[in-house]
Amino acid sequence: MNAIIPLSMNQILYSLIGYLLLPFMLLRLIIKNLKTPVHKQRIGERLGFINAIQGNTIWVHCVSVGEFMAAISLIDALIASYPTHKILITSTTKTGSNAIIEHYQNRVLHYYFPFDVDFIIRRYVKKVAPKICLLLETEIWPNLISELHKNGIPTLLISARLSQKSLAKYQKMPTFSRQILNKLTLIAAQNQKSAERFKKLGTADDKIIITGNIKFDQNPKLNSAVSKQLKNIVCKRKVVVFASTHKGEERAIIDAYSKNPVAAILLIIPRHPERFDEVFKLAQKRNFSISKRSENQPCIDCKILLGDSMGEMMDYFAIADIVFMGGSLSNTGGHNMLEPAALAKPILFGENVFNFSEISADLLAQNAAIQVQNADDLLIKASMLLNDREKAKTLGNNAKKHLQSKQGALNNTLQKIQLFC
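Heads up: these notes are all about the structure in this document. Model, not experiment: these values are computed from the prediction.

What counts, and at which threshold
- Residues numbered from 1 in each chain as written.
- Predicted model: local features only at pLDDT ≥ 70, side-chain atom pairs only at ≥ 80, totals over all residues.
- Heavy atoms only, no water.
- Buried < 20%, exposed > 50% of the residue type's maximum accessible area, 1.4 Å probe, protein only.
- Helix = DSSP H or I, 4+ residues; strand = E, 2+ residues; numbered from the N terminus.
- Arc of directions from axis to C-beta.
- Contact = heavy atoms within 4.5 Å.
- Polar contact = N/O pair within 3.5 Å; in protein donor to acceptor, adjacent residues only side chain to side chain.
- Pairing = 2+ DSSP bridges.
- Right-handed = clockwise from strand over helix to strand, strands pointing away.

### Quick look at helix α10 (residues 224-234)
Residues Val226, Ser227, Leu230, Ile233 and Val234 constitute the buried set of α10. With its buried residues spanning 120 degrees around the axis, α10 presents them on a single face. Turned more than 90 degrees from where α10 packs its buried face, Ser224, Lys228 and Lys231 sit exposed. Buried residues along α10 sit in contact with β8 (239-245), β9 (265-270), β11 (304-306) and α13 (313-318).

Here it is, written out as structure tokens:
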């Protein structure tokens, strides 16, 4: 009795909060679409108004562009292994949606992920009727998981991770967390630490296995035409890439550059495209000459090159002498440092890497990356590596070796998917 009552109350409370927040979430989308009207018609998808999908469907949810890029090797394997199935990929962000459409064209189905409100989820699941649903990393949506469970649809949380910070958050609602996690068919954890944290939340032991992190199994593909364009733009100059930067980081980097100039182009790639103009104007305000990648003109004298394009991150990494992964000087938690590692690039990141705590710690332990304290330290370390090519080469090679040593999660994950698909 004690277990049932709080369980029902938590479910009701979660749904009630969803109903109360729905008007505000819709208003936020409408305001965004005033700036980008091309996406106006996609609001219906968030409300569950989608075309019904016929036939066997494998549903893969990747919240944003980072998760999608990490899942490409898995999605490619699913397309090859299940040629008679349809593959639906959902995302929450516009950048994620653009990346999916650009990469796969009409080879997969794509919708925006619905709001996790019970009546919307019921409509959405009925329209998709998936054979199996694969949620990436930390995508734990209570109403979705409950609806899939109620309909007997296998639901796997793959490449699953749970940080200490997230564990503390879920422990504030232990009964509800235990209920939802045990409605998952399987949790395929990235590592032992995440597996133990899921167990601390009350997940049954037989629902948790360790398959590894599919991010290590990426197979980066470069666009030769794009690579040629980028090489022409940078004019054989050295390049320091600042990838997936967030608000506040660009200002700190540019200010640090004023004090500690490096003999290279600063290639800054903001995480969110709506901030491209903001960063461009910031550099101009600081009196730095800046060019845009979209202009596709040689950057002969410019100090800063703005990476204002989508879907070219690996090509940016390919021309880099040094890579800094953004989101780590802010409180964002960092971004995937395994992408530059796949190309044997020397990697720098800040102290806030809680989204990649295990990966960052392993890279540091393997002498495969350098952690910096702040933007000033970042520019100093970047200058040091530009002048010490042997050190830079060692870091990059160690990073690639570490990535290769951890591969195998993809095959482990596919074997588990085959049990239910």
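Following the structure, the description resumes.
### Brief notes about the side chain of Asn336
With respect to the element layout, Asn336 can be found in the loop between β12 (322-325) and α14 (338-341). Asn336 gets classed as buried once you look at its relative accessible area, which sits at 8%. There is a polar contact of 2.9 Å between the side chain of Asn336 and the backbone nitrogen of Leu338. Setting aside anything within four residues of it in sequence, one finds Asn336 in contact with Lys215, Gln218, Met325 and Phe356.

### So, the environment of Ser291
Its place among the elements puts Ser291 in strand β10 (residues 290-292). What makes Ser291 buried here is its relative accessible area of 16%. For the pair formed by Ser291 and Ser309, sequence separation is 18 residues and the distance between their alpha carbons is 13 Å. Excluding residues within four positions of it along the chain, Ser291 makes contact with Cys299, Cys302, Ile304, Leu305 and Leu306.

### Thoughts on the pairing of β8
Buried residues dominate β8, accounting for seven of its seven residues. As paired strands, β8 and β9 are joined by six bridges and run parallel to one another. Counted as the bridge partner of Thr245 is Pro270 from β9. At this point the chain moves from β8, through helix α11 (residues 249-259), to the parallel β9, and the crossover so formed is right-handed. Across four bridges, β8 lies against β12 in parallel orientation. Paired with Ala243 across the strands is Met325, a residue of β12.

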